[in-house]
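# Per-entry structural report
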Amino acid sequence: MKVLPKNFCLGLCLCLLGSLSCAQPQARAPKFPPAEPPAHDPVAIMCEGTWYLFSTGFGINFFTSTDLVNWTWAGRVFENAPQWAVDMVPGYKGHTWAPDIAFHDGLYYLYYSCSSFGKNDSAIGVATNRTLDPSSPEYRWEDHGCVVRSVAGRDLWNAIDPNLFIDVDGTGWLSFGSFWGGIKLVKLDSSLTGVAEPQVWYPLCRRPEGTTPDIVSTDEAVRPDFRGEDFHPGNGAVEAPFIVRRGPWYYLFVSYDLCCRGAKSTYKVVVGRSDSVNGPYYDREGIPMMEGGGTVVLAGNERYPGVGHCAVVSLPDGDRMLFHGYDKKKRYSAHLLVRPLLWDADGWPVVNL
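Procedures and definitions
- Each chain carries its own residue numbering, running from 1 in the direction its sequence is written.
- In view of the model being predicted, local features appear only for residues whose pLDDT reaches at least 70, and side-chain atom pairs are presented and counted only at 80 or more, with totals across whole chains, interfaces and linings using the full set of residues.
- Side-chain descriptors were evaluated using all non-hydrogen atoms of the structure, hydrogens and water having been removed beforehand.
- Numbering goes from the N terminus for both helices and strands, where a helix is a DSSP run of H or I of at least four residues and a strand is a run of E of at least two.
- Burial classification: accessible surface area is computed with a 1.4 Å probe over protein chains only, and a residue below 20% of its type maximum counts as buried, one above 50% as exposed, and the rest as partly exposed.
- In this description, accessible areas are obtained by the Shrake-Rupley approach with a 1.4 Å probe, and a residue is regarded as covered only by the protein chains that are shown.
- Each pair of strands is called paired provided DSSP finds at least two bridges between the two strands.
- Axis angles are defined between N-to-C directions and span 0 to 180 degrees, where every axis is a line fitted to C-alpha atoms and, for a helix, only to the segment in contact.
- To count as a disulfide, a pair of cysteine sulfur atoms needs to be within 2.5 Å.
- Only one rule defines a salt bridge in this text: a Lys or Arg side-chain nitrogen within 4 Å of an Asp or Glu carboxyl oxygen.

Another point: the overall build of the chain. A tally of regular secondary structure across the chain gives 2 helices and 21 strands. Put simply, the chain has 353 residues, and 59% of those count as buried. Carbon and sulfur atoms form 51% of the exposed surface of the chain, whose accessible area is close to 14,400 Å².

Turning our eyes to something else, we now look at the sheet that holds strand 1 (residues 43-47). Ordered by their spatial adjacency, 4 strands build an open sheet running 1-2-4-5, and the pairing between neighbours is antiparallel. Edge positions in the sheet fall to strand 1 and strand 5 (72-76), since each has one partner strand and no second. Strand after strand, the sheet turns through a mean of 30° between neighbouring axes, direction not considered. Strand direction decides the pairing type here: strand 2 (residues 50-55) and strand 4 (residues 61-65), joined by 5 bridges, are antiparallel. Its bridge partner lying in strand 4, Y52 is registered against T64.

This paragraph deals with the state of the cysteines. Under the counting rule described, the total for this entry stands at 1 disulfide. The partner cysteine of C259 in its disulfide is C260, sulfur to sulfur 2.3 Å. An S-S torsion of about -75° defines the bridge between C259 and C260 as left-handed. Residue classification places C259 among the buried residues on the basis of a relative accessible area of 13%. Accessibility expressed as a relative area gives 46% for C260, which makes it partly exposed.

Take the pairing of strand 11 (residues 172-176) next. Burial within strand 11 is extensive, with 5 of its 5 residues counted as buried. Judged by which residues are buried, strand 11 turns out to be covered on both faces: G172, L174 and F176 on one side and W173 and S175 on the other are all buried. As defined by bridge partners, strand 10 (residues 163-166) adjoins strand 11 across 4 bridges and the pair is classed as antiparallel. If you follow L164 over to strand 11, its bridge partner there is L174. If you look at the hairpin formed by strand 10 and strand 11, you'll find 5 residues sitting between the two strands, and G170 has a positive phi there, around 90°. In this sheet, strand 12 (residues 183-187) lies alongside strand 11 in antiparallel orientation, the contact comprising 4 bridges. Counted as the bridge partner of F176 is K184 from strand 12.

Moving on, we get to unusual backbone geometry. For the bond running from E197 to P198, omega is -5°, close enough to zero to count as cis. For the bond from G279 to P280, the omega torsion is 5°, close enough to zero to count as cis. Tracing the backbone shows P280 in the loop between strand 16 (268-274) and strand 17 (295-298). Unlike most non-glycine residues, D41 shows phi in positive territory, near 60°. When you line up the elements, D41 lands in the segment before strand 1. In this structure D41 comes out as buried when scored by relative accessible area, which is 7%. The phi angle at R331 is positive, at roughly 55°, despite the residue not being glycine. Counting through the fold element by element, R331 comes out in the loop between strand 19 (318-327) and strand 20 (333-343).

Take the pairing of strand 20 next. Of all the 11 residues making up strand 20, 8 are buried; the element is thus mostly covered by neighbouring parts of the structure. Across 9 bridges, strand 19 lies against strand 20 in antiparallel orientation. Directly across from D327, in strand 20, lies its bridge partner S333. What sits between strand 19 and strand 20 in their antiparallel hairpin is a turn of 5 residues, with R331 showing a positive phi close to 55°. As paired strands, strand 20 and strand 21 (residues 349-350) are joined by 2 bridges and run antiparallel to one another. Note on strand 21: the bridge partner recorded for W343 is P349.

Turning to the pattern of salt bridges, a few remarks are in order. Going through the model one piece at a time under the given rule, you end up with 10 salt bridges. Residue R245 pairs with D167 through a salt bridge whose shortest N-O separation is 3.8 Å. Within this pair, whereas R245 is found in strand 14 (residues 238-246), its partner D167 is found in the loop between strand 10 and strand 11, the two being separated by 78 residues in sequence. The class of D167 is buried, set by a relative accessible area of 12%. Among the salt bridges present, the one from R303 reaches D327, with a minimum N-O distance of 2.9 Å. Here the residue R303 occupies a position in the loop between strand 17 and strand 18 (307-315), and D327 occupies one in strand 19, the gap between them amounting to 24 residues. The class of R303 is partly exposed, set by a relative accessible area of 26%. One connected set of salt bridges, linked through shared partners, spans R207, D257 and K268.

What follows is the structure, given as structure tokens:
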């Protein structure tokens with residue numbers, strides 16, 4: 001099962017009621033390499049003995065497996081782009097980023113990101129289902145619309161890359177963020193589909209400007225308008241939070257540096273821990289993650305120059321970390337990687353690529 005629990009102006013969009021039924025497309029399953037299906041920003045959970053993997057793609061791709069090794073493409077969550085997101089997010093046309101999946105109180109919650117490259121005009125939505133098995137008569141995604149929104153030119157943070165954490169008292173927290181002001185945490189209401197009132201927000205992780213000096217020149221080559229003042233992300237590259245609790249500690253995993261640049265990718269996973277879900281989080285050397293701290297858990301190698309955007313699942317024989325790597329042998333396309341997540345004598349995570 002998955003471990004359940006990434007004085008500033010907040011741009012919020014409370015839960016929009018929705019009843020969108022998302023039909024399962026009848027697509028032919030492509031022949032992916034069995035151990036490494038294409039999967040950008042992967043997250044997985046078990047439902048009735050089958051693993052379900054969700055990842056970035058049009059309508060949110062998902063795969064199935066019985067062993068976390070051999071995967072079969074199973075379709076998309078959304079047949080059509082959620083209309084609320086098309087109306088709200090400039091440039092969004094259905095290519096949906098960085099999903100997160102969790103099970104709580106009889107429902108599966110799928111959080112997802114709606115945005116466009118290099119902008120923080122973004123929104124996080126959520127859909128629920130009673131089962132993940134498309135053959136079940138109970139299979140039906142109900143889209144609840146926007147949970148939280150950021151607006152370019154107003155908010156110094158970005159509402160993408162969500163991760164749900166349920167604390168021991170049953171409180172739901174959503175972490176999220178990419179570039180700009182870093183990683184935020186917001187308390188959810190009891191439905192887990194909207195922000196709790198009164199609102200409770202915390203900053204979790206931020207990298208100082210200048211941490212990733214190549215970001216502007218690299219992206220300008222891809223997008224000439226990238227330096228527009230309304231949406232410039234800065235050069236402190238951090239995104240993709242994932243929170244895990246183990247013993248007395250809360251662990252915040254995030255991805256540092258640059259994804260999606262082929263051989264020049266520098267993506268990596270770092271971690272900090274805290275005795276409270278809302279932080280502050282410190283790395284192994286005692287450096288606050290709000291000051292750019294972070295102990296490296298996973299970094300690239302010759303075959304995979306960049307690895308990151310992780311998720312964690314727990315099995316009877318131990319934990320696993322899922323993440324994507326840009327594979328040199330496959331023209332640096334993003335592929336799913338699954339590795340054992342170990343814990344050292346001091347309680348810090350260890351992952352070998």
